[in-house]
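Structural description and commentary
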Amino acid sequence: MDDIIQLVNGKLVVPDTPIIPFIEGDGIGKDITEPTQRVINAAVTAAYGGSRKLVWMEVLAGEKAFKATGNYLPEETLDAFRTYRIGIKGPLQTPVGEGIRSLTVALRQTLDLYVCLRPIRWFKGVPSPIRYPELVDMHIFRENTEDIYAGIEYMTGTEKALKFRDFLINEMGVDKIRFPETSSFGVKPVSKEGSERLIRSAIEYAIGRKLPSVTLVHKGNIMKFTEGAFKNWGYDLAETEFGAQTFTWRQYQKLEKEKSQADANKALQSAKNEGKVIIKDVITDAFLQESLLHPFDYSVIATMNLNGDYISDQLAAMVGGIGISPGANINYSGGYAIFEATHGTAPNIAGTGKANPGSLILSGVMMLEYLGWYEAAEHVYDALEHTFAKRRVTSDLFSMMEGATLLTTSGFADEIINNMH
């Protein structure tokens with residue numbers, strides 16, 4: 001038990017030698033996992049000498065698990081994450097022709113990892129399609145268990161689809177299904193509880209890191225009772241639970257209406273001066289444009305699942321792509337977290353040394369921060385800055401950088417370790 005991370009009074013208690021379950025992953029998972037562990041181990045040693053150490057424990061999922069056990073996601077793997085609380089995983093291939101929709105989604109749903117956290121930052125020297133990538137510093141809180149991830153769908157022509165169609169038409173009086181005979185159906189559940197715990201986590205994260213704002217991104221102008229409710233629940237939560245630490249755009253609009261724009265502007269400026277977190281909202285399609293044109297206006301993003309999927313990949317592209325974009329699936333209430341590479345398995349380059357381990361390495365850095373080992377995390381950030389500044393990169397970035405030196409997957413990890421000071 002001495003090596004197991006505990007949650008005491010809502011806070012993680014991390015031993016000096018915590019056991020960290022890891023899933024190697026499919027495709028390039030094998031290529032990037034070992035180099036990632038070497039980088040993280042080197043950072044821990046650089047920061048703490050021999051006083052702290054991660055104890056890696058492999059657990060099985062995906063093709064490797066199926067070959068060994070006949071099961072793509074063994075119960076033993078889920079038990080390991082439940083027991084040891086924090087782990088990390090490479091990319092997993094969704095089994096073709098199997099009942100399970102996605103192994104990654106199954107992990108998130110089974111362990112109730114309701115936050116998908118995707119921090120987006122730029123490293124100097126990395127190619128970017130935007131003019132000022134250094135202004136991009138965003139943290140995406142994507143709801144991880146509801147919306148389309150609920151997986152409630154009925155294929156046209158099936159008995160369930162016909163039954164659902166008849167229910168909508170005959171029981172609910174729906175008359176706006178354009179082609180009812182050939183329609184498939186999907187259900188989009190968005191709950192008050194699910195929305196609140198996601199938004200609460202985003203606000204606490206912003207307060208804890210002294211970040212300026214939380215933006216609720218939604219399509220509430222069309223989906224008024226799901227995404228519109230998400231926005232309203234977010235404002236209600238901010239004003240009732242975090243009233244002394246936040247100022248909402250809804251409060252601004254109320255002041256503007258009841259008093260004047262000058263009074264509203266004065267209250268907003270006063271809130272900023274006091275270090276309060278500004279809570280605002282943006283329609284999804286507008287956000288996709290505004291985040292490109294004015295990225296400095298956005299810090300923490302709280303949104304539902306499908307919106308978050310689009311937003312995460314666009315913002316990642318602004319700072320070099322998902323090859324260096326980290327991610328985590330977190331249950332802040334229970335302290336559970338699985339950190340992960342955000343890209344796919346890329347089987348076409350598996351074993352070639354072309355894979356970029358940056359996403360998994362940076363996910364490992366997020367894990368260090370989650371453990372409270374910030375000194376080790378800073379060692380990796382600093383070493384990555386030096387590595388990119390020297391233009392010594394893997395093939396995905398090499399093709400976009402003039403005067404770069406091409407490194408293999410393992411060679412890139414070696415370069416990062418060599419640049420730790």
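Anyway, here's the lowdown on the structure attached to this text. From a predicted model like this one, the values you see are computed outputs, not experimental measurements.

What follows deals with the side chain of Thr 104. Mapped onto the fold, Thr 104 is located in helix α4 (residues 103-110). Among the residues examined, Thr 104 registers a relative accessible area of 13% and is labelled buried.

Right, let's talk about unusual backbone geometry for a bit. Of all residues except glycine, most have a negative phi; of all peptide bonds, most are trans. A positive phi angle is found at Arg 85, which is not glycine, with a value near 75 degrees. Within the fold, Arg 85 resides in the loop between α3 (75-84) and β5 (86-89). In this structure, Asp 112 takes a positive phi of about 55 degrees despite not being glycine. Locating Asp 112 in the fold gives a position in the loop between α4 and β6 (115-121).

Note on aromatic pairs: each is described by the distance of the centres and the angle between the planes. A full pass over the atoms with the stated rule returns 14 aromatic pairs. Aromatic pair Phe 388 and Phe 412: ring centres 6.0 Å apart, planes at 40 degrees, arrangement tilted. In this pair, Phe 388 is assigned in helix α13 (residues 374-389) and Phe 412 in helix α15 (residues 409-418), connecting sequence segments 24 residues apart. Judged by its relative accessible area of 1%, Phe 388 falls in the buried class. Looking at Phe 412, the relative accessible area reads 0%, which means it is buried. Following the ring pairs from residue to residue traces out a cluster consisting of Phe 141, Tyr 205, Tyr 332, Phe 339 and Tyr 370. Against the face of Tyr 48 rests Arg 52, its NZ or CZ located 4.5 Å from the ring centre. Just above the ring of Tyr 336 sits the side chain of Arg 85; from NZ or CZ to the centre is 4.8 Å.

Bringing the environment of Arg 392 into the picture now. Within the fold, Arg 392 resides in strand β16 (residues 392-393). Between the C-alpha atom of Arg 392 and that of Glu 415, which follows or precedes it by 23 residues, the distance is 7.8 Å. In this structure Arg 392 touches Thr 387, Thr 405, Leu 407, Phe 412 and Glu 415, once residues within four positions along its chain are discounted. Separated by 3.0 Å, the side chains of Arg 392 and Glu 415 make a polar contact.

Structurally, Gly 358 is set in helix α12 (residues 358-371). A residue is classified by how much of its surface remains accessible, and Gly 358, at 4% relative accessible area, is buried. Distance from Gly 358 to Pro 326, taken between C-alpha atoms, is 7.9 Å for residues 32 residues apart in sequence. Not counting chain neighbours up to four residues away, the residues in contact with Gly 358 comprise Gly 323 and Ile 324.

So, how was this worked out
- Residues numbered from 1 in each chain as written.
- Predicted model: local features only at pLDDT ≥ 70, side-chain atom pairs only at ≥ 80, totals over all residues.
- Heavy atoms only, no water.
- Helix = DSSP H or I, 4+ residues; strand = E, 2+ residues; numbered from the N terminus.
- Buried < 20%, exposed > 50% of the residue type's maximum accessible area, 1.4 Å probe, protein only.
- Phe/Tyr/Trp six-rings, centres within 6.5 Å; stacked < 30°, edge-to-face > 60°.
- Lys NZ or Arg CZ within 6 Å of the ring centre and 35° of its normal.
- Contact = heavy atoms within 4.5 Å.
- Polar contact = N/O pair within 3.5 Å; in protein donor to acceptor, adjacent residues only side chain to side chain.

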